[in-house]
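Residue strings, one per chain:
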Amino acid sequence: AEVLTYHVVPGRVPASAAKGLDWAPTAQGQSARVETRDDSVYIDGAKVIKADIETSNGIIHVIDTVLLPRKDIVDTAVAAGSFNTLVTAVKAADLVETLKGKGPFTVFAPADSAFAKLPEGTIPSLLENKAKLQSVLTYHVIPGRILSSDLTPGMTKKVATANGANLTVAVDRQGNVMVDGAKVVSADILAGNGVIHVIDSVVLPPQS
């Protein structure tokens, strides 16, 4: 049933309107990515090959691939296999259910190699201090969905995190994205309830 309802968008959305969308909220609960390339519309990468078939109670658009709902942020991180420390920390901080919630969220996710760069003893210390661990982890989470396409080379902006403190997102002229002092090394990993950007260092909130 989830697969079928993921193909349904409430309301009448003709192709002309779809071209103006970035996301289409589905009856399944997640939003599907809408992109227009070379005057063709793609839904989660599936190409619309016949549009605007009118029916008595809606509109049908024929696509060339079956769409599958995405895993949530936590399950996406687990499946990636390179965020073991992050997943362990999220569990220890009791943030699993939060990050499995509706969202959407933007998560700047430190890979295992990023956690390995912290001074020796930092991770065990954090795992023993739940409040501090929550503070650090929620500093990596931004309410809402931010994709690399939303960022402009040369821009610098403060964004509010789930921690409550602001972090700085800066883009250089070559398009490299920095989050405080961490570099985004892989962007736009879409999850069912948000997006993950992989960073090469753990960022710490003020007074952490």
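It should be emphasised that the depicted structure is a prediction, and the values quoted were computed from it without experimental measurement.

Each value, and the rule that gives it
- Residues numbered from 1 in each chain as written.
- Predicted model: local features only at pLDDT ≥ 70, side-chain atom pairs only at ≥ 80, totals over all residues.
- Heavy atoms only, no water.
- 1 Å grid on protein atoms, 1.4 Å probe; cavity = no way out; pocket = protein on both sides within 12 Å on 5 of 7 lines; lining within 4 Å.
- Points joined across faces, edges and corners; volume = space filled by probe spheres on them.
- Helix = DSSP H or I, 4+ residues; strand = E, 2+ residues; numbered from the N terminus.
- Nonpolar A, V, L, I, M, F, W, Y, C, P; charged D, E, K, R; others polar.
- Axes fitted to C-alpha atoms, helices over the stretch in contact; angles between N-to-C directions.
- Parallel < 35°, antiparallel > 145°, perpendicular 65-115°, else oblique.
- Left-handed = near helix turned anticlockwise from the far one by under 90°.
- Contact = heavy atoms within 4.5 Å.
- Pairing = 2+ DSSP bridges.

> Could you clarify how one ought to interpret empty space enclosed by the protein in this entry?
Empty space among the atoms becomes visible once a probe the size of a water molecule is rolled across them. Applying the stated criterion to the full structure yields 3 cavities of 30 Å³ or more. Each pocket or cavity is described by its volume, and for the largest cavity that value is around 150 Å³. As for the largest cavity, its lining consists of 15 residues, and the residues nearest its centre are Ile 73, Leu 86, Val 90, Leu 99 and Val 107. Counting only elements with at least two residues in the lining of the largest cavity, the list comes to helix H3 (73-80), helix H4 (84-92) and strand E6 (105-110). Considered class by class, the residues forming the lining of the largest cavity number 14 nonpolar, 1 polar and no charged. Taken as a whole, the second largest cavity encloses approximately 100 Å³ of empty space. Around the second largest cavity, the lining residues are Phe 108, Ile 146, Leu 147, Ser 148, Leu 151, Lys 157, Val 159, Val 169, Val 177, Val 184, Ala 187 and His 197. Classifying every residue of the lining of the second largest cavity by side-chain character gives 9 nonpolar, 2 polar and 1 charged.

> Just checking my understanding: could you explain the packing of H4 against helix H8 (residues 130-138) for this structure?
If you want to describe how two helices pack, look at the angle between their axes and the distance between the axes. Their axes nearest at 9 Å, the elements H4 and H8 cross at an angle of 125°. Considered as vectors, H4 and H8 are oriented oblique to each other. Classified by chirality, the crossing of H8 by H4 is left-handed. Here H4 contributes Leu 86, Ala 89, Val 90 and Ala 92 to the contact with H8, which in turn contributes Lys 130, Leu 133 and Leu 137. Of the residues in the contact of H4 with H8, the class split is 6 nonpolar, no polar and 1 charged.

> Can you help me understand unusual backbone geometry in this one?
Trans peptide bonds make up most of the peptide bonds, and negative phi angles are found at most residues other than glycine. The linkage connecting Gly 103 with the following residue, Pro 104, adopts the cis geometry, with an omega of 5°. For Asp 94, which is not glycine, the phi dihedral falls at a positive 60°.

> Could you clarify how one ought to interpret the sheet that holds strand E1 (residues 23-25) in this entry?
Sheet strands pair via backbone hydrogen bonds, and the direction of the pair is either parallel or antiparallel. If you trace the 5 strands from one edge of the open sheet to the other, you get E1-E2-E3-E4-E5, paired in antiparallel fashion. Bordering the open sheet on either side are E1 and strand E5 (58-63), each of which pairs with just one other strand. Strand-to-strand twist across the sheet, computed as the mean angle between neighbouring axes with direction ignored, equals 40°. Relative to strand E3 (residues 40-43), strand E2 (residues 31-37) is paired through 4 bridges, and the arrangement is antiparallel. Across the sheet, Glu 35 pairs through a bridge with Tyr 42, a residue of E3.

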